[in-house]
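Next come the chains, spelled out residue by residue.
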Amino acid sequence: MQIAANAVVSIHYTLTNAAGDKLDSSEGQEPLAYLHGASNIIPGLENALVGKAVGDKLSVTVEPEEGYGEVREELVQEVDRSNFEGIDVVEPGMQFMAQTPWGQQPVTVVKVEGDNVTLDGNHPLAGQTLSFDVEVVEVREATEEELSHGHVHGEGGHEH
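These numbers come from a predicted model, not from an experiment. Per-chain numbering applies: the sequence of each chain, read as written, is numbered from 1 onward. pLDDT decides what is reported in this predicted model: residues at 70 or higher carry local features, side-chain atom pairs at 80 or more are listed and counted, and totals for whole chains, interfaces and linings draw on all residues regardless. Computation of side-chain values covers all heavy atoms of the structure but excludes hydrogens and water.

Caption draft 1: Here's a closer look at a negative patch on the surface. Patch criteria: residues need more than 30% relative accessible area and no salt bridge. Like-charged residues are merged within 9 Å; nonpolar side chains of Val, Leu, Ile, Met, Phe, Trp and Tyr are merged within 5 Å. Using a 1.4 Å probe, accessible areas were evaluated by the Shrake-Rupley method; residue-level cover was limited to the displayed protein chains. Whenever a carboxyl oxygen of Asp or Glu lies within 4 Å of a side-chain nitrogen of Lys or Arg, that contact is scored as a salt bridge. Here Asp and Glu are counted as negative and Lys and Arg as positive; His is not counted, and neither are the chain ends. In plain terms, the charge of a residue is placed at NZ if it is Lys, CZ if Arg, CG if Asp and CD if Glu. A cluster of acidic side chains, namely Glu63, Glu65, Glu66 and Glu70, defines a negative patch on the protein surface. Helix and strand definitions follow DSSP, with helices as H or I runs of at least four residues and strands as E runs of at least two, each counted in order from the N terminus. By secondary structure assignment, the location of Glu63 is in the loop between β4 (57–62) and β5 (76–80). The exposure class assigned to Glu63 is partly exposed, which follows from its relative accessible area of 37%. Burial classification: accessible surface area is computed with a 1.4 Å probe over protein chains only, and a residue below 20% of its type maximum counts as buried, one above 50% as exposed, and the rest as partly exposed.

Written as structure tokens, this is what we have:
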């Protein structure tokens, strides 16, 4: 079976950045399972997997616009330290969930100067060219339940 819309796909992968630093890998773990066509993975990788089958190995370079997007400066904001009531220490690298007009948004503290805290709501990999080394290990038809929920169930997928 070839990878196409509504297929459940399991892959082993290694993700590196433009400098060749390993950012993530399924090595030594269960493969990543996703529902093809349901936006479960970034578009650049999903598009490169169309038509592939079990046993296929490929290297994929994904530019920011097909990955986690470009860095959006409007998602970097300075807020007052008083917004972190009940938190004794706020320092760069910490992550929080912020309430925004469009719902909950993860943000990362990038700078703390006195009572000013700079937060970044961009995905940590925004603006980066990413490289994936991928091996397709399983392809099957999705169940009706998986299709209605928009994600994979069972091993490597979501458990309810």
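There is more to say after this.
Caption draft 2: Region of interest: unusual backbone geometry. Despite not being glycine, Asn6 has its phi angle at roughly 70 degrees, a positive value. Looking at the secondary structure, you find Asn6 in the segment before β1 (7–17). Exposure remark for Asn6: the relative accessible area of 44% places this residue in the partly exposed category. Phi at Ser39 takes a positive value of approximately 60 degrees, unusual for a residue other than glycine.

Caption draft 3: Spotlight on the nonpolar core. Take the buried residues of types Ala, Val, Leu, Ile, Met, Phe, Trp, Tyr and Cys, join any two whose side-chain atoms come within 4.5 Å, and each joined set is a nonpolar core. Among the nonpolar cores identified, the biggest contains 20 residues, and Ile3, Ile11, Leu45, Leu49, Phe132 and Val134 are the most heavily contacted of them. Among the elements of the structure, β1, α1 (43–49), β4 and β9 (130–141) are those that each provide at least two residues to this core. Beyond its immediate chain neighbours, meaning those up to four positions away, Ile3 contacts Val9, Tyr34, His36, Leu49, Val50, Gly51, Lys52, Val136 and Val139. Ranked by size, the runner-up nonpolar core spans seven residues in total, among them Val90, Phe96, Val109 and Leu119. Should any heavy atoms of two residues lie within 4.5 Å, those residues are counted as being in contact.

Caption draft 4: Examining the sheet that holds β5 more closely. Being paired, for any two strands, means DSSP has found at least two bridges between them. In space, the four strands of this open sheet follow the order β5-β8-β7-β6, with antiparallel pairing throughout. Either end of the sheet is taken by a strand with one partner, and the two such strands are β5 and β6 (95–100). Averaged over all pairs of adjacent strands, the angle between strand axes in this sheet comes to 45 degrees, irrespective of strand direction. Taken together, the six bridges between β6 and strand β7 (residues 103–113) define a ladder with antiparallel strand orientation. Counted as the bridge partner of Gln95 is Thr108 from β7. Each axis is a line fitted through C-alpha atoms, and for a helix only the stretch in contact is used; angles between axes span 0 to 180 degrees, taken between their N-to-C directions.

Caption draft 5: Local environment of the UniProt feature "domain: PPIase FKBP-type" (unreviewed entry) in the chain. As recorded in UniProt, the sites labelled "domain: PPIase FKBP-type" (unreviewed entry) are residues 6–70. Overall, residues 6–70 shows 11% helix and 38% strand. The separation of its end C-alpha atoms is 28 Å. UniProt positions are given in the numbering used here, feature names are shortened, and annotations may be inferred rather than shown by experiment.

Caption draft 6: Quick peek at the side chain of Thr108. Here Thr108 shows up in strand β7. At a separation of 3.0 Å, a polar atom in the side chain of Thr108 contacts the side chain of Gln95. Those residues in contact with Thr108 that lie beyond four places of it in its chain are Gly93, Met94, Gln95, Thr118, Leu119 and Asp120. Any N or O atom pair separated by 3.5 Å or less is treated as a polar contact, with the protein-specific requirement of one donor-capable and one acceptor-capable atom, and with residues adjacent in sequence counted only for side-chain atom pairs.

Caption draft 7: Spatial organisation of the pattern of salt bridges. A complete count under the given rule lists three salt bridges for this structure. Close ionic contact of Lys22 with Glu27 constitutes a salt bridge, the shortest N to O distance being 3.7 Å. Here Lys22 and Glu27 have matching classes, each one exposed. In this structure, Glu146 engages Arg140 in a salt bridge whose closest nitrogen and oxygen atoms are separated by 2.8 Å. A relative accessible area of 2% means that Glu146 is categorised as buried. For Arg140, a relative accessible area of 26% corresponds to the partly exposed category.

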